[in-house]
Amino acid sequence: SAIVSPGTPPRQAVLALGVAGDRDLPADRLGPLEILAAQGSLAVSRVALGREVARRAGDAFFRALTENAADVIMIVPRDGRVSYATPNADPLFGRDPVGATLDRLIGSDYAAWVMTGFTEPEQQTGPARAAPAAADWSLARPGRPPVQLDVARADLRGEPTVHGLVLTLRDVTPQHPLEQDLRH
């Protein structure tokens, strides 16, 4: 029987073949059993390789979508450090934010708002998930003009590939003066 753990890379797939009996196996029977074990091992490796190819194709699809999006998307795990950011985050922050702590990146007040997502009960996955929390930020940037951002915080701690809060930041700086004029 073949035993493959979910997520096992193709090179680590294992096939166990056991033969039991009340007497020794004749030597002429070992060759076919070795061939059977080799074929089974190849089949298990092929299945694992197929899964890896599908996973990488999904990663490439996701990367193509996020690299061409106008919004900045960041993943923040419980430790408060950005674990993932779309490439368009670099111009917004003036550097790659991955690895940065939120309070150093966006300021302690905004970081506190983000981290309150961890004090709330973990949201369920699927269509019944609650709507993201939203906020408006005026983000100061050293040596550059501040930006106005619409921010959404979604709880994806229950998603096995995310395990954190997802921030979506939209730069609305050009629209901000128009909105103020309309309010006035």
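Each remark here, short or long, concerns the structure printed above.
Residues numbered from 1 in each chain as written. Predicted model: local features only at pLDDT ≥ 70, side-chain atom pairs only at ≥ 80, totals over all residues. Heavy atoms only, no water.

**A word on the environment of Gly164**
So, point 1. You can see Gly164 is positioned in strand β7 (residues 164-171).
So, point 2. In sequence terms Gly164 and Ala154 are ten residues apart; their C-alpha atoms lie 8.8 Å from each other. (Helix = DSSP H or I, 4+ residues; strand = E, 2+ residues; numbered from the N terminus.)

**Comments concerning the pairing of β7**
So, point 1. Sheet topology places strand β3 (residues 72-76) next to β7; five bridges connect them, and they run antiparallel. Bridged to Ile75 within β7 is Val166. (Pairing = 2+ DSSP bridges.)

**A word on the sheet that holds strand β4 (residues 84-85)**
So, point 1. Taken together, five strands build an open sheet; the order of strands is β4-β3-β7-β6-β5 and the sheet is antiparallel. Each edge of the open sheet carries a strand with a single partner, namely β4 and β5 (133-141).
So, point 2. Against the sheet, helix α4 (residues 108-115) touches β3, β5, β6 (144-156) and β7, its axis set at about 155° to β5. (Contact = heavy atoms within 4.5 Å. Axes fitted to C-alpha atoms, helices over the stretch in contact; angles between N-to-C directions.)

**Concerning the packing of aromatic side chains**
So, point 1. Scanning the model with the defined rule gives two aromatic pairs in all.
So, point 2. Aromatic pair Tyr110 and Trp137: ring centres 4.5 Å apart, planes at 15°, arrangement stacked. With a gap of 27 residues between them, Tyr110 in helix α4 and Trp137 in strand β5 connect regions that are remote in the sequence.
So, point 3. When the centroid spacing of 6.0 Å and the interplanar angle of 85° are considered together, the rings of Trp113 and Trp137 count as edge-to-face. With Trp113 in helix α4 and Trp137 in strand β5, this residue pair connects regions lying 24 residues apart in the sequence.
So, point 4. By relative accessible area, Trp113 is classed as partly exposed at 22%.
So, point 5. On the basis of relative accessibility, which here comes to 3%, the residue Trp137 falls in the buried class.
So, point 6. Among the aromatic side chains, those forming a connected cluster through ring pairs are Tyr110, Trp113 and Trp137.
So, point 7. Here the basic side chain of Arg153 rests over the ring of Trp113, its NZ or CZ set 4.6 Å away from the ring centre. (Phe/Tyr/Trp six-rings, centres within 6.5 Å; stacked < 30°, edge-to-face > 60°. Buried < 20%, exposed > 50% of the residue type's maximum accessible area, 1.4 Å probe, protein only. Lys NZ or Arg CZ within 6 Å of the ring centre and 35° of its normal.)

**Describing the side chain of Thr101**
So, point 1. Relative to the assigned elements, Thr101 resides in the loop between α2 (89-93) and α3 (102-106).
So, point 2. Only 3.2 Å separates the side chain of Thr101 from the side chain of Asp103, close enough to count as a polar contact.
So, point 3. When sequence neighbours within four positions are dropped, the list of residues in contact with Thr101 reads Gly80 and Arg81. (Polar contact = N/O pair within 3.5 Å; in protein donor to acceptor, adjacent residues only side chain to side chain.)

**With respect to the environment of Thr173**
So, point 1. Here Thr173 shows up in the loop between β7 and α5 (176-183).
So, point 2. Overall, the relative accessible area of 27% leaves Thr173 in the partly exposed class.
So, point 3. As a C-alpha pair, Thr173 and Pro146 span 27 residues in sequence and 8.5 Å in three-dimensional space.
So, point 4. Setting aside chain neighbours within four positions, we find Thr173 in contact with Pro146, Val147 and Gln148.
So, point 5. A polar contact of 2.9 Å, which involves the side chain of Thr173, links it to the backbone nitrogen of Gln148.
So, point 6. Of the polar contacts made by the side chain of Thr173, one reaches the side chain of Asp171; its length is 2.6 Å.

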